[in-house]
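Read off the chains here:
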Amino acid sequence: GENVEQHPSTLSVQEGDSAVIKCTYSDSASNYFPWYKQELGKRPQLIIDIRSNVGEKKDQRIAVTLNKTAKHFSLHITETQPEDSAVYFCAASVSGAGSYQLTFGKGTKLSVIP
Amino acid sequence: EPEVTQTPSHQVTQMGQEVILRCVPISNHLYFYWYRQILGQKVEFLVSFYNNEISEKSEIFDDQFSVERPDGSNFTLKIRSTKLEDSAMYFCASSLGGQGRLFFGEGSRLTVL
């Protein structure tokens, strides 16, 4: 089955700096890669996703890049703010009819220092 | 914005007892899921449900687990005889389509003593 590795496990950045979180996946058939943000005690919230027919996607301060050949994808947050502090999870999926099983990475705890 | 809702938010039970966790998915969504997260660990897939039947399940989802959509709005996860290792946060999720984005509920924290 799919295996997703995520690095680093913790990341501290100064407010205003950029943060990069990297994930690798094992199943070359995976074609959907979402990123979730989870604040303490709250639900995982989808912040951005990318499908395998696209190499990069941007949404304001957040961007995701995908390298299918190397089987890795990354989350980039620019101009970080204290409210970006949370645990970020990457995930991968082989989308198919009738289901959408996500395999998650172990998470990255991002701390943005004011 | 519509949300997935879950009850209870926290349940404490004795080992061997049955537990039912309830979820109300987003109303026009067709695919429903249960995931769990043991404290400090990653989110793990349990089961997906579509068209009133299980479409996929993981190795975690053994015979002690079952899911049901008893009416047009609720989606439940039953654990027949809880074990200590079932202690976790259980997240319900739903998506509009089988290749759509998953939206998670706030979770139900289960503590088995």
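Residues numbered from 1 in each chain as written. Chains lettered and ligands numbered in written order. Predicted model: local features only at pLDDT ≥ 70, side-chain atom pairs only at ≥ 80, totals over all residues. Heavy atoms only, no water.

This paragraph deals with the side chain of A:Ser74. All names here are of chain A. Checked against the element boundaries, Ser74 lands in strand β8 (residues 72-77). On the basis of relative accessible area, Ser74 is assigned to the buried category, the value being 6%. Contacts of Ser74, omitting those with residues within four sequence positions, involve Val20, Ile21, Lys22, Trp35, Ala63, Val64 and Thr65. (Helix = DSSP H or I, 4+ residues; strand = E, 2+ residues; numbered from the N terminus. Buried < 20%, exposed > 50% of the residue type's maximum accessible area, 1.4 Å probe, protein only. Contact = heavy atoms within 4.5 Å.)

To summarise the sheet geometry, strands pair through backbone hydrogen bonds and adopt either a parallel or an antiparallel arrangement. Residue and element names in this part refer to chain B. With respect to topology, four strands assemble into an open sheet ordered β1-β3-β8-β7, the strand pairing being antiparallel. Edge positions in the sheet fall to β1 (5-7) and β7 (65-68), since each of these pairs with one other strand and no more. Sheet twist, expressed as the mean angle between neighbouring strand axes with direction ignored, is 20°. With three bridges joining them, β1 and strand β3 (residues 19-24) adopt antiparallel strand pairing. Its bridge partner being in β3, Thr7 is matched across the sheet by Arg22. (Pairing = 2+ DSSP bridges. Axes fitted to C-alpha atoms, helices over the stretch in contact; angles between N-to-C directions.)

What the rule picks out here adds up to two disulfides over all chains. Disulfide pairing places A:Cys23 opposite A:Cys90 at an S-S distance of 1.9 Å. Disulfide A:Cys23-A:Cys90: the torsion about the S-S bond is -100°, which places it as left-handed. Placement of the pair is A:Cys23 in strand β3 (residues 19-25) and A:Cys90 in strand β9 (residues 86-92), with a sequence separation of 67 residues. Disulfide pairing is shown between B:Cys23 and B:Cys92; the S-S distance is 1.9 Å. One quick way to see it: the torsion about the S-S bond of B:Cys23 and B:Cys92 is about -65°, and its sign makes the bridge left-handed. Taken together, the residues B:Cys23 in strand β3 and B:Cys92 in strand β9 (residues 88-95) connect sequence positions 69 residues apart. Judged by its relative accessible area of 0%, B:Cys92 is buried. (Disulfide = S-S within 2.5 Å.)

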